[in-house]
Amino acid sequence: MKIQEQKIYQLMAVIALFVISMGVSTYINALKKAELHKTRQAEFGNLVFKGKVIHVRIYEYMKSKCYQVCVKLDSAGVKDLSVYNDDDAIKIKNGIATFAAGHLDKTFGPVDSVAVNVNHSGKVFLYYRDKSFIKFDDFSFEPYGMKKSDLNFCF
């Protein structure tokens, strides 16, 4: 009888440690996400733009097809910007923005136009040709395997 009680207590201890480790892990991930949001806010500030995709470059990253877009900006007031780090990659120069648009959708293909942080929504909207499908992501420009030199593709 005593051995069974010991096993039950050991099992309860393992379960408690698992639950505690999950809670700590969730807390650490939330802290990292908040820090990344602060970093992005400092890098991009109040970046807002819309535009039409004028060129697409398809490339392979992690056995998946991804693509980079060149976007002719509709608004002339967007300042030149260049950010390249582990979390983001975007370059805006002379009214053209270039960044990775993510994984290539096999059904819809590449996007046709882009809207970034419109009405300070904190979102990146990717519009496909027929406008029937819109993909949106958080305000980020993940590199998807792009090198810094790839940001000069449109210029």
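Residues numbered from 1 in each chain as written. Predicted model: local features only at pLDDT ≥ 70, side-chain atom pairs only at ≥ 80, totals over all residues. Heavy atoms only, no water.

Undergrad: Which residues make up the state of the cysteines, and what values do they have?
TA: Under the defined criterion, the tally for this structure stands at one disulfide. C66 forms no disulfide, and the closest cysteine sulfur to it belongs to C70, at a distance of 16 Å. Residue class for C66 comes out buried when judged on its relative accessible area of 0%. (Disulfide = S-S within 2.5 Å. Buried < 20%, exposed > 50% of the residue type's maximum accessible area, 1.4 Å probe, protein only.)

Undergrad: How would you sum up the layout of surface pockets? Please name residues and give values.
TA: Quantified by volume, the largest pocket comes out at close to 420 Å³. As for the largest pocket, its lining consists of 23 residues, and the residues nearest its centre are R40, D137, D138, F139 and S140. Of all the secondary structure elements, the ones that give two or more residues to the lining of the largest pocket are α1 (2-44), β5 (96-103), β7 (123-127) and β8 (134-138). With five residues, α1 is the single largest residue contributor to the lining of the largest pocket. Each residue belonging to the lining of the largest pocket can be placed in one class, and the counts come to nine nonpolar, eight polar and six charged. (1 Å grid on protein atoms, 1.4 Å probe; cavity = no way out; pocket = protein on both sides within 12 Å on 5 of 7 lines; lining within 4 Å. Points joined across faces, edges and corners; volume = space filled by probe spheres on them. Helix = DSSP H or I, 4+ residues; strand = E, 2+ residues; numbered from the N terminus. Nonpolar A, V, L, I, M, F, W, Y, C, P; charged D, E, K, R; others polar.)

Undergrad: Outline the nonpolar core, listing residues and values.
TA: Counting residues in hydrophobic clusters, the biggest one holds 24 residues, and the most contacted among them are L47, F49, I90, I92, F99, V114 and F141. Taken together, the elements giving at least two residues each to this core come down to β1 (49-61), β2 (64-73), β3 (81-84), β4 (89-93), β5, β6 (113-116) and β7. When residues in this core are grouped by element, the largest group, four residues, is from β2. Apart from residues lying up to four places away in sequence, F99 is in contact with F49, Y67, Q68, V69, V71, A89, I90, V114, F141 and M146. Listed in part, the six residues of the second largest apolar core include C66, A100, M146 and L151. (Core = buried A, V, L, I, M, F, W, Y, C linked by side-chain atoms within 4.5 Å. Contact = heavy atoms within 4.5 Å.)

Undergrad: Describe the sheet that holds β5, with residues and values.
TA: With respect to topology, eight strands assemble into an open sheet ordered β3-β4-β5-β2-β1-β6-β7-β8, the strand pairing being antiparallel. Where the open sheet ends on each side, the last strands, each with one partner, are β3 and β8. Each adjacent strand pair in this sheet contributes to an overall mean axis angle of 30 degrees, direction not counted. Pairing analysis gives four bridges linking β1 to β6, with the strands arranged antiparallel. Looking across to β6, one finds that K50 is bridged to A115. (Pairing = 2+ DSSP bridges. Axes fitted to C-alpha atoms, helices over the stretch in contact; angles between N-to-C directions.)

Undergrad: Which residues make up the environment of F139, and what values go with them?
TA: Tracing the sequence through the fold places F139 in the segment after β8. Distance in space between the C-alpha atoms of F139 and G122 is 5.0 Å, their sequence separation being 17 residues.

Undergrad: So what's going on with the packing of aromatic side chains? Residues and values would help.
TA: Within this structure, the stated rule accounts for three aromatic pairs. Their ring planes at 65 degrees and their centres at 5.2 Å tell us that F99 and F141 sit as a pair that is edge-to-face. You can see F99 sitting in strand β5 and its partner F141 sitting in the segment after β8, a full 42 residues away along the chain. Residue class for F99 comes out buried when judged on its relative accessible area of 1%. (Phe/Tyr/Trp six-rings, centres within 6.5 Å; stacked < 30°, edge-to-face > 60°.)

Undergrad: An account of the confidence of the model for the protein is requested, with residue identities and associated values reported.
TA: Low-confidence regions, as indicated by low pLDDT, have predicted coordinates that should not be scrutinised in detail. Per-residue confidence for the protein gives a mean pLDDT of 88; residues scoring 70 or more make up 96%. Within the protein, the element-level pLDDT minimum falls on β8, averaging 77, and the maximum on β2, averaging 95. (pLDDT = per-residue confidence, 0-100.)

Undergrad: Just give me the short version of unusual backbone geometry, but keep the residues and values in it.
TA: Despite not being glycine, K63 has its phi angle at roughly 60 degrees, a positive value. Looking at the secondary structure, you find K63 in the loop between β1 and β2. You can call K63 exposed: its relative accessible area is 81%.

Undergrad: Outline a nonpolar patch on the surface, supporting the account with residue identities and numerical values.
TA: A cluster of nonpolar side chains, contributed by L11, I15, F18, V19 and M22, occupies part of the molecular surface with about 510 Å² of accessible area. Its location among the elements puts V19 in helix α1. (Patch = residues over 30% accessible without salt bridge, like charges linked within 9 Å, V, L, I, M, F, W, Y side chains within 5 Å. Areas by Shrake-Rupley, 256 points an atom, 1.4 Å probe, with all protein chains shown as cover. Salt bridge = Lys/Arg side-chain N within 4 Å of Asp/Glu carboxyl O.)

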